[in-house]
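# Structural overview
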Amino acid sequence: MSEELSLVSETYTGLVLQFRLIAVADIPQVMVLERSAHSHPWRQSSFEDCLNGRQKCWLAEHKGVLVGYVVVTHGGGDAELLNISVSPSYQRKGIGLCLLTHAVNCVKEKADMLFLEVRISNRKAIALYEKEDFFEVGQRKNYYPTVNGHEDALLMARQL
Ligand SMILES: CC(C)(COP(=O)(O)OP(=O)(O)OC[C@H]1O[C@@H](n2cnc3c(N)ncnc32)[C@H](O)[C@@H]1OP(=O)(O)O)[C@@H](O)C(=O)NCCC(=O)NCCS
């Protein structure tokens, strides 16, 4: 872990967040948040993959309550943001911004670019990424499943 990585952060609304890596015992609680935040949630095994190896899942807790998490990985000079989720009752309080900043700080010594994919309809996530200097680098047609079919993915990147 980088010595510069701050494990405590304060949102612009004054919420103090504590960051820590996911542990096995956290997975049920993480799955509850994942299902509440996404129309097509990750499987439990995707979080289990974060327990070892390069894929890191950082949890954000406020007063001991899980309020969000971010999953980031790196390799070959690039990094990828794989998941970022904030509990619906804690959204629009600056937690997503703090999680993204934390993810950037985690990988900036290990990679030059941070990439991500987002549903083209996910306006709030795209607004967050644009605010943090991500730009569009491409699209993938019909990449994500929807209730009725598929939708495109926007590929975004920012320099680290
Ligand atoms: C996307 C997500 C992580 C944002 O987290 P958040 O804690 O609500 O975001 P923040 O409060 O830090 O917002 C930061 C900025 O993002 C943008 N933003 C966030 N929510 C927004 C919304 N509902 N509408 C428009 N812009 C929004 C704004 O620019 C905002 O800054 P502002 O509040 O000063 O205007 C959260 O909405 C979420 O978990 N969504 C469900 C899961 C998801 O879609 N993840 C991304 C998959 S790629």
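Further up the page is the structure itself.
Fair warning: this is a prediction, and the values are worked out from it, not measured in the lab. (Residues numbered from 1 in each chain as written. Predicted model: local features only at pLDDT ≥ 70, side-chain atom pairs only at ≥ 80, totals over all residues. Heavy atoms only, no water.)

## Some points on the site of the ligand
To keep it simple, the criterion reads: Note on terminology: near, applied to a residue and a molecule or strand, indicates that one of the residue's heavy atoms is within 4 Å of it. Here a polar contact is recorded for every N or O atom pair within 3.5 Å, except that within protein the pair must consist of a potential hydrogen donor and a potential acceptor, and residues adjacent in sequence are included only if both atoms are side-chain atoms. For accessible areas, the Shrake-Rupley method is used with a probe of radius 1.4 Å. Any residue's cover is judged against the shown protein chains and nothing else. A run of DSSP states H or I qualifies as a helix once it reaches four residues; a run of E qualifies as a strand once it reaches two. Both are numbered from the N-terminal end.
What surrounds the ligand is a group of 22 residues, the closest being Val86, Arg92, Gly96, Asn122 and Lys131. Contact between the ligand and Tyr12: an oxygen atom at 2.9 Å from a side-chain N or O atom of the residue. In this structure, an oxygen atom belonging to the ligand sits 3.4 Å away from a side-chain N or O atom of Gln91. Isolated, the ligand exposes 920 Å² of accessible area, and the fraction of that covered by the protein chains is 80%. Contributions of two or more residues to the shell around the ligand are made by strand S5 (78-86), helix H3 (95-107), strand S6 (113-119) and helix H4 (123-131).

## Looking at the nonpolar core
Grouped burial of nonpolar side chains is what soluble globular proteins tend to show. Condition: Residues enter a nonpolar core if they are buried and are Ala, Val, Leu, Ile, Met, Phe, Trp, Tyr or Cys, with the set joined through side-chain atoms within 4.5 Å. Note on classification: 1.4 Å probe, protein chains only; a residue is buried when its accessible area is under 20% of the maximum for its type, exposed when over 50%, partly exposed between these limits. Only heavy atoms matter for contacts: two residues are in contact if any of them lie within 4.5 Å across the pair.
Membership of the largest hydrophobic core comes to 32 residues, with the highest contact counts inside it found for Leu81, Ile84, Leu99, Leu114, Val118 and Tyr129. Sorting the residues of this core by element identifies strand S2 (16-21), strand S3 (56-62), strand S4 (65-75), S5, H3, S6, H4 and strand S8 (150-159) as the ones contributing at least two each. Ignoring sequence-local partners within four residues, the contact set of Tyr129 consists of Leu81, Ile84, Leu100, Leu116, Val118, Phe134 and Met156. The next biggest cluster of nonpolar side chains, apart from the first, holds 12 residues, and it includes Ile27, Val30, Phe47 and Val71.

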